[in-house]
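Results of the structural survey
What follows is the residue order along each chain.
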Amino acid sequence: MKEFEKESVFRIGEVYSVDGRKIKIKVDKNKNSSYIFYQGQIIKNISVGSYIKIVKGYIKIIGKVEGEYIEEDKSINLAYYKQSEKINRYLLVSLLGYIERNKFFQGIKEMPLVFNECYLLDNKEFNMVHNFLDLGEEENYGSIVIGKLALEDNQDIKVSIDKLFASHIGIFGNTGSGKSYTLAKLYHELLEKFKNNKNFHKTSRFVLIDFNGEYLIDDKERDYTIIEPEYKKTFNLNTRNSKDKFPILKKYFEDIEFWAIYLNATEKTQIPFLKRSFKMEVDFENFKIYFLNFIIMMLEKKFAMSDIQNFLEEIGKILHINDQEDYIMFINFINSFIYHSSSEVYYIQPNNTYFNNDKRLYFNDHREELVKEIKNYNFNSFPEKIEDNFLKIPLKIIFQFYNDKLEKNMNMEFIAPLLKRLRRINYLEKVIEVIDNYSENSLNLMNIISLKNVNSEIKKILPLLIVKQLYEEQKVNKNLDNKKYLNIIIDEAHNILSPISNRESEQWKEYRLETFEEIIKEGRKFGVFLTIASQRPSDISSTIISQLHNYFLHRLINNKDIEAVERTISYLDRLSFEYLSILPTGTCILAGLAIPMPIIISVYEIKTGYEPKSETIKLVKHWID
Amino acid sequence: MELKINKKIIENSNINFLIGSGASVPFFGVLSNIENWLTDLDKDKNINEEEYLLLKFLFYREYYQIAMKSNIDILKNTTEINFLRVKKNYENFFKIIRALIFERKSNLFSKQINVFTTNIDIFHEYVLDQLNYDFNDGFFGRFKPKLDLSSFRRTFHKESLFFNKMSEIPIFNIYKLHGSVNWKYDEGEIILDLNLSLLKEINKLLNSINITAIEDQTKTYDEIKKIITKNDFEILQKKKDIIKQFIESYEKLQIINPTKEKFQETVFKKTHYELLRIFSNELEKENTILIVIGFSFADEHIRDITIRALNYNPLLNVFVYDYDGNGVKHIEIENTKIKNNNLHIIKPQENYQYDFENINHDFENILKEIKEIKED
């Protein structure tokens with residue numbers, strides 16, 4: 001009895017036509033309200049976006065309603081009728097899958113026939129369709145809840161952690177559409193679930209690169225964004241006044257490719273020169289002596305006095321000793337050497353302040369004496385030896401530059417611009433520290449790197465340096481230990497993943513994209529996964545977008561962005577795609593490997609205190625007195 | 001998950017209310033023991049005619065004074081504080097419900113709201129009239145309005161002045177299941193006694209009789225029997241005619257007396273069963289809700305119909321407001337096993353009571369979700 005009763009409530013119509021994958025269903029006349037009450041529950045009636053069950057014999061085919069329309073029934077007696085009887089309602093349905101042995105499977109084995117009966121899904125079947133977990137995943141730690149179905153309040157969406165987090169994730173959406181919130185929610189839920197597991201701490205690292213500073217607050221003790229302070233390390237990087245520094249291993253710091261890009265080195269002349277410089281052996285242990293010998297060599301080789309001056313100035317700049325008294329005295333002393341053009345040698349005038357002598361001292365005649373004098377020159381501001389890594393590379397470059405000039409006597413005009421760019425290293429110095437080995441404290445479980453306060457050069461180069469290092473290290477680690485997991489999260493990824501940029505050189509662009517594309521393509525093997533969030537999917541390399549496995553798509557307004565998503569994401573059906581531009585804030589389409597079909601979900605709230613700081617400014621509130 | 005009344009439910013249902021005496025408290029009292037007294041009186045065999053007359057008088061008078069007398073004050077527009085409170089509750093109720101229906105743009109559900117009530121007071125009609133809302137109370141005609149149940153479920157449409165567009169107006173159907181003090185038997189028909197002439201007549205008769213009052217309503221039948229004094233019998237001897245006249249007039253009232261045998265007039269008996277049938281029919285429609293306010297299901301007719309409908313109509317949802325959370329004691333339907341899980345008892349949180357005012361808050365909150373409420 002009960003079954004018959006249920007059928008009368010749940011039956012909504014029958015198949016009217018089958019045209020390829022498109023099914024048309026004629027709706028029974030009395031089923032037009034938006035909800036149906038049944039046994040104390042309210043069940044959503046069919047509408048666009050909802051699911052429908054077509055029963056063909058013993059086979060239950062599940063379809064999704066993609067459209068509906070009506071035709072007026074002209075045969076109705078107009079004097080005496082019920083409003084709902086006047087119209088015939090038709091649904092356009094696309095097939096999704098079938099239910100067998102109490103489980104939903106994607107894909108179609110059999111097509112429906114005309115006059116097959118159609119039913120609403122009851123709550124049990126609805127749950128089945130929206131259960132994306134494999135057997136056992138639910139009971140154990142296997143899943144997280146990030147939100148609920150947007151069209152159905154009561155349906156929590158549980159996603160398999162294995163399928164979601166062992167994949168590259170893309171989160172796209174216009175600013176203000178809830179993108180950062182979704183990102184934070186995802187990782188908050190994951191970390192919350194495992195944070196007390198020792199193995200989790202041992203094997204996993206999450207690194208979030210945050211261009212806008214949304215994921216940290218200044219007070220580290222009370223920074224609960226995403227996760228409690230004790231589980232994370234924050235790097236609030238700043239190129240104006242140095243605060244935190246990100247640790248970079250020496251071998252990546254000394255990577256020639258990185259420097260070539262950082263210094264915008266040209267491929268033909270500057271890069272070979274850089275390579276020579278890196279090989280150059282400068283005696284940093286006895287730097288002062290090395291330096292003085294170099295000066296002497298310059299004098300011997302008859303450099304132009306202006307070159308020597310430049311050399312001194314450049315070294316002075318690098319070592320930050322330009323305005324020290326004894327440094328200036330040293331320069332004056334060097335300047336007191338005068339070049340005698342006919343005999344092609346340096347000499348010192350009589351009555352010079354530095355020498356109590358009444359005759360000219362020619363360098364070749366009085367070499368011993370002058371060299372001794374120079375070597376004994378006592379200036380304190382000059383370091384005896386150099387230990388700072390940030391000094392070694394520019395110094396090498398400068399020495400190499402003059403060395404080249406010295407030995408080959410070649411025209412160095414093409415190289416000179418490179419030297420000017422060396423001052424950039426000052427910014428780098430403020431945001432990274434060079435270390436020899438990773439220590440326990442170098443990184444925590446969650447690592448948030450804020451690039452809000454760094455200049456645009458660092459913004460471009462640093463994420464690359466960091467990601468490259470993390471990736472390479474993980475490759476090595478993975479070989480030693482198969483359990484290592486690394487998740488690199490990049491918010492506002494268009495900043496660094498754009499395939500087009502007029503401001504930068506081709507070579508840099510290639511290097512940059514190659515690094516990320518390699519992670520996207522090969523990362524999985526090494527347990528490295530990328531999560532990228534962006535408001536501008538059209539600005540991100542399509543290779544990268546198309547290789548992502550799971551997508552959270554928030555509202556996108558711009559046509560280019562929508563096209564980019566349409567072109568590259570194969571998981572999206574037409575209906576979801578059309579929803580893209582009308583999604584409310586906090587609601588997104590979830591599509592990809594983790595779930596059999598795209599669904600629209602409303603992301604649940606994050607516990608207060610853990611949410612990102614990304615609210616829109618309240619204008620009027622701040623303007624009125 | 002426990003189902004709560006929310007906008008989705010209001011939006012997608014035929015809406016019925018069942019309003020009991022709790023709604024008119026404190027201006028009118030609740031029935032308490034009167035039903036037992038009258039039942040015991042009918043069963044009592046060791047009683048002489050005079051005693052019987054006296055007790056009947058006492059019980060009728062008690063019921064009259066608790067549940068009927070003050071209706072006369074309503075017509076006089078009393079400013080008593082309790083009246084104003086109850087009136088405000090009724091007003092808010094109708095306003096909010098009407099707004100909820102008015103905002104609901106659906107051609108699938110009618111704009112009629114069925115209000116079933118066991119109250120015999122005139123609050124419903126009085127307040128609806130004051131608010132200038134359209135309602136059906138079952139009466140038809142102007143000079144001598146007669147009760148005709150077919151006049152329920154008339155729909156009201158309004159035509160706009162400009163484009164001749166028709167629009168249905170929300171309308172309340174007031175079904176008075178236990179009759180009403182403004183119903184009067186007249187030559188085989190029930191007619192509308194607009195100025196409560198019958199009540200006034202009864203009042204006049206009562207004023208001339210001065211017999212010991214019951215005072216404590218929790219007394220049992222036997223206890224009341226003991227409080228009758230000799231003096232009372234003397235008065236009875238003197239004023240027997242007036243007392244008989246009172247009982248006679250009282251029994252002309254087209255209301256259900258709180259006894260097991262409830263009817264005086266066969267016309268009213270028929271009407272009563274027709275009304276119950278309508279109640280039952282309404283509960284058998286699809287996507288229907290019944291919201292029960294101030295009613296404890298002590299009336300087994302209504303209880304049985306409701307339970308039957310709950311069991312046979314899985315598309316019905318019944319929501320019962322439990323006044324103070326002690327529903328087990330008060331709501332005689334609560335422990336009934338319903339196979340469809342569609343009976344929902346709404347319990348108040350601790351230190352909160354679901355009086356009429358607070359129930360209105362619930363609906364007001366739903367309305368607030370839908371639109372801004374204008375203060376007037």
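Residues numbered from 1 in each chain as written. Chains lettered and ligands numbered in written order. Predicted model: local features only at pLDDT ≥ 70, side-chain atom pairs only at ≥ 80, totals over all residues. Heavy atoms only, no water.

Per an unreviewed UniProt entry, chain B is named SIR2-like protein, and its organism is Caminibacter pacificus.

In the nomenclature of an unreviewed UniProt entry, chain A is known as ATP-binding protein of Caminibacter pacificus.

In terms of helices and strands, chain A carries 22 helices and 25 strands. Taking 25 Å as the expected radius of gyration for a compact globule of 625 residues, we find that chain A reaches 35 Å, considerably beyond that expectation. For chain A, the spread of C-alpha atoms along the principal axes amounts to about 130 × 60 × 45 Å. Pairs at least 24 residues apart make up 70% of the contacts formed inside chain A by residues separated by at least 6 positions. For chain A, the accessible area works out to roughly 29800 Å², and carbon and sulfur atoms hold 47% of it. Each charge class in chain A was averaged separately, 87 positive and 89 negative side chains, and the resulting centres sit 3 Å apart. (Helix = DSSP H or I, 4+ residues; strand = E, 2+ residues; numbered from the N terminus. Rg over C-alpha atoms; globule rule 2.2 N^0.38 Å. Contact = heavy atoms within 4.5 Å. Areas by Shrake-Rupley, 256 points an atom, 1.4 Å probe, with all protein chains shown as cover. Lys, Arg positive; Asp, Glu negative; His and termini not counted. Charge placed at Lys NZ, Arg CZ, Asp CG, Glu CD.)

Moving on to the overall build of chain B. A tally of regular secondary structure across chain B gives 14 helices and 14 strands. For 376 residues, the compact-globule formula gives about 21 Å, and the C-alpha radius of gyration of chain B, at 22 Å, lands near that figure. Along the first, second and third principal axes, the C-alpha set of chain B runs to 70 × 50 × 40 Å. By the burial criterion, 54% of the 376 residues in chain B qualify as buried. (Buried < 20%, exposed > 50% of the residue type's maximum accessible area, 1.4 Å probe, protein only.)

All names here are of chain B. For the pair helix α7 (residues 197-207) and helix α10 (residues 240-252), interaxial distance at closest approach is 10 Å and the crossing angle is 160 degrees. Taken as axis vectors, α7 and α10 run roughly antiparallel relative to one another. By crossing handedness, the relation of α7 to α10 is classed as left-handed. Side by side, α7 and α10 meet where Leu198, Glu201, Ile202, Leu205 and Leu206 of the first sit next to Ile242, Gln245, Phe246, Ser249, Tyr250 and Lys252 of the second. Taken together, the residues of the contact of α7 with α10 break down into 7 nonpolar, 2 polar and 2 charged. (Axes fitted to C-alpha atoms, helices over the stretch in contact; angles between N-to-C directions. Parallel < 35°, antiparallel > 145°, perpendicular 65-115°, else oblique. Left-handed = near helix turned anticlockwise from the far one by under 90°. Nonpolar A, V, L, I, M, F, W, Y, C, P; charged D, E, K, R; others polar.)

Residue and element names in this part refer to chain B. Direction vectors running N to C along helix α3 (residues 49-68) and helix α9 (residues 230-238) enclose 95 degrees, while the axes themselves pass 11 Å from each other. The orientation of α3 relative to α9 falls into the category roughly perpendicular. Contacts between α3 and α9 involve Glu50, Glu51, Leu53 and Leu54 from the former and Asp232, Phe233, Leu236 and Gln237 from the latter. Considered class by class, the residues forming the contact of α3 with α9 number 4 nonpolar, 1 polar and 3 charged.

A cluster of acidic residues, Glu257, Glu267, Glu510 and Glu514 of chain A, forms a negative patch at the surface. Positionally, Glu510 of chain A belongs in helix α18 (residues 506-522). (Patch = residues over 30% accessible without salt bridge, like charges linked within 9 Å, V, L, I, M, F, W, Y side chains within 5 Å. Salt bridge = Lys/Arg side-chain N within 4 Å of Asp/Glu carboxyl O.)

With that settled, consider the interface of chain A and chain B. On the chain B side, the residues contacting the 18 residues of chain A number 24 residues. Summing both sides of the interface, chain A and chain B together bury roughly 1700 Å²; the carbon and sulfur share of this comes to 56%. Along the contact surface separating chain A from chain B lie 0 salt bridges. Summed over the shared surface of chain A and chain B, the number is 7 residue pairs in polar contact (both at pLDDT 80 or more). At 4 residues, the largest contribution of residues to the side of chain A that touches chain B is made by strand β3 (residues 35-38) of chain A. (Buried area = accessible area lost by both parts, 1.4 Å probe. Polar contact = N/O pair within 3.5 Å; in protein donor to acceptor, adjacent residues only side chain to side chain.)

All names here are of chain A. With 16 residues, helix α4 (residues 179-194) ought to run about 22 Å at 1.5 Å a step, and its terminal C-alpha atoms sit 23 Å apart, in line with that. In terms of burial, α4 is a largely internal element, 12 of the 16 residues being buried. Along α4, the residues that are buried comprise Lys179, Ser180, Thr182, Leu183, Ala184, Lys185, Leu186, Tyr187, His188, Leu190, Leu191 and Phe194. (Expected span 1.5 Å × (residues − 1).)

So, about α18 of chain A. Residue and element names in this part refer to chain A. Between the first and last C-alpha of α18 there are 23 Å, a value that for 17 residues agrees with the 24 Å anticipated at 1.5 Å per step. Within the sequence span of α18, burial applies to Trp508, Lys509, Tyr511, Arg512, Leu513, Thr515, Phe516, Glu517, Ile519 and Ile520. As for α18, its buried residues are in contact with α7 (256-262), α16 (456-480), β21 (485-490), α17 (494-497), β22 (528-534) and α19 (542-547).

All names here are of chain A. With the rule as written, the count across this model stands at 35 salt bridges over all chains. With a closest N to O distance of 2.9 Å, Asp28 and Arg11 form a salt bridge. With Asp28 in the loop between β2 (22-27) and β3 and Arg11 in strand β1 (residues 11-19), the pair connects residues that are 17 residues apart, well separated along the chain. Residue classification places Arg11 among the buried residues on the basis of a relative accessible area of 18%. Within this structure, Arg11, Glu14, Asp28 and Glu117 form a network of salt bridges that share partners.

So, on to the pairing of strand β6 (residues 59-72) of chain A. Residue and element names in this part refer to chain A. Looking at chain direction, strand β5 (residues 51-56) and β6 are connected through 6 bridges and run antiparallel. Across the sheet, Lys53 pairs through a bridge with Ile62, a residue of β6. The turn linking β5 back onto β6 is made up of 2 residues, and Gly57 within it adopts a positive phi angle of 60 degrees. Two elements, β6 and strand β7 (residues 87-100), share 12 bridges in a ladder whose sense is antiparallel. Opposite Gly63, over in β7, you have Leu95 as the bridge partner. (Pairing = 2+ DSSP bridges.)

Right, let's get into the sheet that holds strand β1 (residues 14-19) of chain B. All names here are of chain B. Overall, parallel pairing links the 7 strands, which are arranged β3-β8-β2-β1-β12-β13-β14 in an open sheet. The open sheet has two edge strands with one neighbour each: β3 (135-136) and β14 (343-346). Of the pairings in the sheet, the one linking strand β12 (residues 288-293) to strand β13 (residues 316-321) comprises 5 bridges and is parallel in character. Paired with Leu290 across the strands is Val318, a residue of β13.

Along the chain, His124 of chain B turns up in helix α6 (residues 123-131). With residues near it in sequence (within four places) discarded, His124 of chain B still touches Ile19, Tyr90, Phe94, Val115, Thr117, Asn119 and Ile174 of chain B.

Attention now goes to the environment of Arg21 of chain A. All names here are of chain A. Checked against the element boundaries, Arg21 lands in the loop between β1 and β2. When the C-alpha positions of Arg21 and Leu95 are compared, they lie 6.5 Å apart, and in sequence the two are 74 residues distant. Those residues in contact with Arg21 that sit more than four places away from it in its chain are Val93, Ser94, Leu95 and Met111.

In this section: the nonpolar core. Counting residues in hydrophobic clusters, the biggest one holds 130 residues, and the most contacted among them are Phe291 and Phe399 of chain A. Leaving out residues up to four positions away in the same chain, Phe399 of chain A has contacts with Met280, Val282, Phe287, Tyr290, Phe291, Phe294, Phe311 and Ile315 of chain A. The next biggest cluster of nonpolar side chains, apart from the first, holds 87 residues, and it includes Ile19, Phe172, Leu236 and Ile359 of chain B. (Core = buried A, V, L, I, M, F, W, Y, C linked by side-chain atoms within 4.5 Å.)

Residue and element names in this part refer to chain A. By secondary structure assignment, the location of Glu611 is in the loop between β25 (599-603) and α22 (619-623). Among buried Asp, Glu, Lys and Arg side chains, Glu611 stands out as unpaired, with Lys613 the closest opposite charge at 5.4 Å. Within the structure, the side chain of Glu611 is placed 2.5 Å from the backbone nitrogen of Gly609, a separation counted as a polar contact. In contact with Glu611, not counting residues within four places along its chain, are Tyr181, Thr225 and Ile606.

What follows concerns the UniProt feature "transmembrane region" (unreviewed entry) in chain A. This chain's UniProt record puts "transmembrane region" (unreviewed entry) on residues 579-604 of chain A. As a span, residues 579-604 of chain A carries 4% helix and 42% strand, and end to end its C-alpha atoms are 20 Å apart. (UniProt positions renumbered as here; feature names shortened; annotations may be inferred.)

All right, on to the packing of aromatic side chains then. Under the criterion given, the structure shown has 61 aromatic pairs over all chains. Seen in terms of ring centroids, Phe253 of chain A and Phe390 of chain A are 4.9 Å apart; in terms of plane orientation they differ by 65 degrees. Their pairing is edge-to-face. Here the residue Phe253 of chain A occupies a position in helix α6 (residues 250-253), and Phe390 of chain A occupies one in helix α13 (residues 389-408), the gap between them amounting to 137 residues. For the pair Tyr321 of chain B and Phe363 of chain B, a centre-to-centre distance of 6.4 Å together with 65 degrees between the ring planes defines the contact as edge-to-face. Residue Tyr321 of chain B is located in strand β13, and its partner Phe363 of chain B is located in helix α14 (residues 356-370); the two are separated by 42 residues in the primary sequence. Note on accessibility: Tyr321 of chain B and Phe363 of chain B belong to one class, buried. Over the ring of Phe10 of chain A we find Lys6 of chain A; its NZ or CZ atom is 5.6 Å from the centre of that ring. (Phe/Tyr/Trp six-rings, centres within 6.5 Å; stacked < 30°, edge-to-face > 60°. Lys NZ or Arg CZ within 6 Å of the ring centre and 35° of its normal.)

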